[in-house]
Amino acid sequence: MSVKELFQIEKKGPRGLLAAEWVVMGYLAFTLVVIAALWGQLPNAGELLRGRCQYVVVTLAMCGAYRLVPCRLMMLARVAVQMAFLGWWYPDTYELNRHLPNLDHLFASAEQAVFGCQPSLLFAQRVPWGWFSELMCLGYVSYFPLIALTTFYYFLQRYQEFHRAVFVIMASFFTYYVIYVLLPVTGPQFYYLAAGEEKIAAGIFPDVGDWFLTHSERMAAPGWSDGVFHRLLHMAHDAGERPTAAFPSSHVGITTVLMLLAIRTRSRRLVLTMLPFYVLMCLATVYIYAHYAIDAIAGLVTGAVFYYAFYKLKG
């Protein structure tokens, strides 16, 4: 795409909300219903409502800006704003699901039944090397760069499919967020700490009740604590991680969607660039205690299902 094409007016561009923006509006409506249902239990209900009002104002403002200057660069800015909001919507799931009964004891028990152990607890113990932990952390922190890479590739190289690709990504994200609101599972990094590692190692998985209603402490990721990517991981977790969103793993699910979108482009360079990070991501979610192994497997399956379902839906 040339510089001239970036500023070229799109005479047949969308005049209303994008399909991806309608997805978020649908999720917003869903969470308003949840907020109403939990109103008496939510100490920050007013803050949640203000945040949603701010989102609507920003979205409508970007829509209006595109109407005034309907060029490709403005469209990219509009999509970028929606993707930037993903970091806000994610911890928001915790504000809602922490008022529901925690289910980690059931998922940890299922993990034990399937594998005869807790892979997330044992993985780092069996592979403690600093260089390996750095690879795992690199894979995990590549999440948003992979999203940006895929989005920019479609924008620059396959603009005719750009809106479809963005819709698939955003619809997948918010389907996961719906699941997370309704299915309060925190994952090993939070549950193991709350339950006690000794109990977990002994195959005892207590129901921690409403522990996560008031606690958000987590286990530190294993490995080389002075490593560059280990530090980046902890910075990212400190900024936005909450005891939420464990099952299915959206990190695995969304990167599966991204890989399938990359494969669809038939760009060997793009696929080979993303593939190592995708493999690292799938392993890292278990290695750093972020997910149970069954979360990662479910992420792989649901990611493929969401990709094909939403790609067809937008066709």
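In this text the structure is predicted, and so the values were computed from the model without any measurement.

Asker: What exactly am I supposed to notice about empty space enclosed by the protein here?
Answerer: Take a probe with the size of a water molecule and roll it over the atoms, and the empty space left behind shows itself. Under the counting rule described, the total for this entry stands at two cavities of 30 Å³ or more. Taken as a whole, the largest cavity encloses approximately 80 Å³ of empty space. Residue classes in the lining of the largest cavity are distributed as five nonpolar, six polar and one charged. The calculated volume of the second largest cavity comes to roughly 60 Å³. Together, Asn 97, Arg 98, Leu 100, Asn 102, Pro 184, Thr 186, Gly 209, Asp 210, Phe 212, Leu 213 and Pro 243 line the second largest cavity. In terms of residue class, the lining of the second largest cavity is built from five nonpolar, four polar and two charged.

Asker: Before we go on, may I ask you to explain the layout of surface pockets in this structure?
Answerer: Estimates place the volume of the largest pocket at around 490 Å³. Every element with two or more residues in the lining of the largest pocket is listed here: helix H5 (86-97), helix H8 (130-141), helix H9 (143-157), helix H10 (162-182), helix H14 (228-240) and helix H15 (250-265). In terms of residues, the lining of the largest pocket owes the most to one element, H14, which gives five residues. When the residues that make up the lining of the largest pocket are grouped by side-chain class, the tally is 13 nonpolar, five polar and two charged. One number sums up the size of the second largest pocket: a volume of about 220 Å³. Contributing to the lining of the second largest pocket are Asn 44, Glu 47, Leu 48, Arg 50, Gly 51, Gln 54, Trp 88, Pro 91, Asp 92, Glu 95 and Arg 242. The leading source of residues in the lining of the second largest pocket is helix H3 (residues 45-68), at five residues. Class assignment for the residues of the lining of the second largest pocket results in three nonpolar, three polar and five charged.

Asker: Would you explain the nonpolar core in this entry?
Answerer: Generally speaking, soluble globular proteins have nonpolar side chains that are buried together. Within the largest apolar cluster, 94 residues are counted, with the highest numbers of intra-cluster contacts made by Trp 89, Phe 162, Phe 173, Phe 174, Tyr 177 and Tyr 191. In terms of residues, this core owes the most to one element, H10, which gives 14 residues.

Asker: Where do I start with the packing of H5 against H10 in this structure?
Answerer: Think of two packed helices as two axes; the pair is described by the angle between the axes and how far apart they sit. Relative to each other, H5 and H10 sit at 15°, their axes nearing to 9 Å. Taken together, H5 and H10 sit at an angle that is classed as roughly parallel. Judged by the twist between their axes, the crossing of H5 over H10 is right-handed. Of the residues in H10, those in contact with Leu 86, Trp 89, Tyr 90, Thr 93, Leu 96 and Asn 97 of H5 are Met 170, Phe 173, Phe 174, Tyr 177, Tyr 180 and Val 181. Residues of the contact of H5 with H10, tallied by class, amount to ten nonpolar, two polar and no charged.

Asker: Please clarify how the packing of aromatic side chains should be interpreted in this entry.
Answerer: When we look at a pair of aromatic rings, we describe it by the centre distance and by the angle of the planes. Applying the stated criterion across every chain yields a total of 30 aromatic pairs. With 5.5 Å between their ring centres and 70° between their planes, Tyr 55 and Trp 89 make a pair best called edge-to-face. Remark: Trp 89 occurs in helix H5 and Tyr 55 occurs in helix H3; sequence separation between them is 34 residues. Under the relative-accessibility criterion, Trp 89 is labelled buried at 0%. Summarising the aromatic geometry, the rings of Phe 155 and Phe 162 are spaced 5.3 Å apart at their centres and angled 70° between planes, so their arrangement reads as edge-to-face. Across this residue pair, the class does not change: Phe 155 and Phe 162 are buried.

Asker: Please clarify how a nonpolar patch on the surface should be interpreted in this entry.
Answerer: Together, Val 114, Phe 115, Ile 297, Leu 300, Val 301 and Val 305 give the surface a local cluster of nonpolar side chains, amounting to about 530 Å² of exposed area. Mapped onto the nonpolar patch, the elements with two or more residues apiece are helix H6 (104-115) and helix H17 (293-313). By residue number, the principal contributor to the nonpolar patch is H17, which donates four residues.

Asker: Whenever I open this one, the environment of Glu 197 confuses me. Can you help?
Answerer: Tracing the backbone through its elements, the reader meets Glu 197 in helix H12 (residues 197-201). Looking at Glu 197, the relative accessible area reads 39%, which means it is partly exposed. Residues Glu 197 and Gln 157, 40 residues apart in the sequence, show an inter-C-alpha distance of 49 Å. Other than its neighbours up to four places away in sequence, Glu 197 contacts Leu 121, Tyr 192 and Met 219.

Asker: Would you mind showing me how to read unusual backbone geometry here?
Answerer: The omega torsion across Phe 247 and Pro 248 is -10°, close enough to zero to call that bond cis. Note on placement: Pro 248 falls in the loop between H14 and H15. At Ala 245, a residue that is not glycine, the phi angle is positive and equals roughly 65°. Here Ala 245 falls in the buried class, since its relative accessible area comes to 5%.

Asker: Even after reading the chapter, I still don't get H6, so can you show me in this structure?
Answerer: Along an α-helix, residues three or four apart share an orientation, since each turn contains 3.6 residues. For H6, built from twelve residues, the straight-helix expectation of 16 Å at 1.5 Å per residue is met to within 8% by its first-to-last C-alpha distance of 16 Å. Every buried residue of H6 is accounted for by Asp 104, His 105, Phe 107, Ala 108 and Glu 111. Along H6, the residues classed as buried sweep out an arc of 165° about the axis, all on the same side. Exposed and facing more than 90 degrees away from the buried side of H6 are Ala 113 and Val 114.

Rules used throughout
- Residues numbered from 1 in each chain as written.
- Predicted model: local features only at pLDDT ≥ 70, side-chain atom pairs only at ≥ 80, totals over all residues.
- Heavy atoms only, no water.
- 1 Å grid on protein atoms, 1.4 Å probe; cavity = no way out; pocket = protein on both sides within 12 Å on 5 of 7 lines; lining within 4 Å.
- Points joined across faces, edges and corners; volume = space filled by probe spheres on them.
- Nonpolar A, V, L, I, M, F, W, Y, C, P; charged D, E, K, R; others polar.
- Helix = DSSP H or I, 4+ residues; strand = E, 2+ residues; numbered from the N terminus.
- Core = buried A, V, L, I, M, F, W, Y, C linked by side-chain atoms within 4.5 Å.
- Buried < 20%, exposed > 50% of the residue type's maximum accessible area, 1.4 Å probe, protein only.
- Axes fitted to C-alpha atoms, helices over the stretch in contact; angles between N-to-C directions.
- Parallel < 35°, antiparallel > 145°, perpendicular 65-115°, else oblique.
- Left-handed = near helix turned anticlockwise from the far one by under 90°.
- Contact = heavy atoms within 4.5 Å.
- Phe/Tyr/Trp six-rings, centres within 6.5 Å; stacked < 30°, edge-to-face > 60°.
- Patch = residues over 30% accessible without salt bridge, like charges linked within 9 Å, V, L, I, M, F, W, Y side chains within 5 Å.
- Areas by Shrake-Rupley, 256 points an atom, 1.4 Å probe, with all protein chains shown as cover.
- Salt bridge = Lys/Arg side-chain N within 4 Å of Asp/Glu carboxyl O.
- Expected span 1.5 Å × (residues − 1).
- Arc of directions from axis to C-beta.

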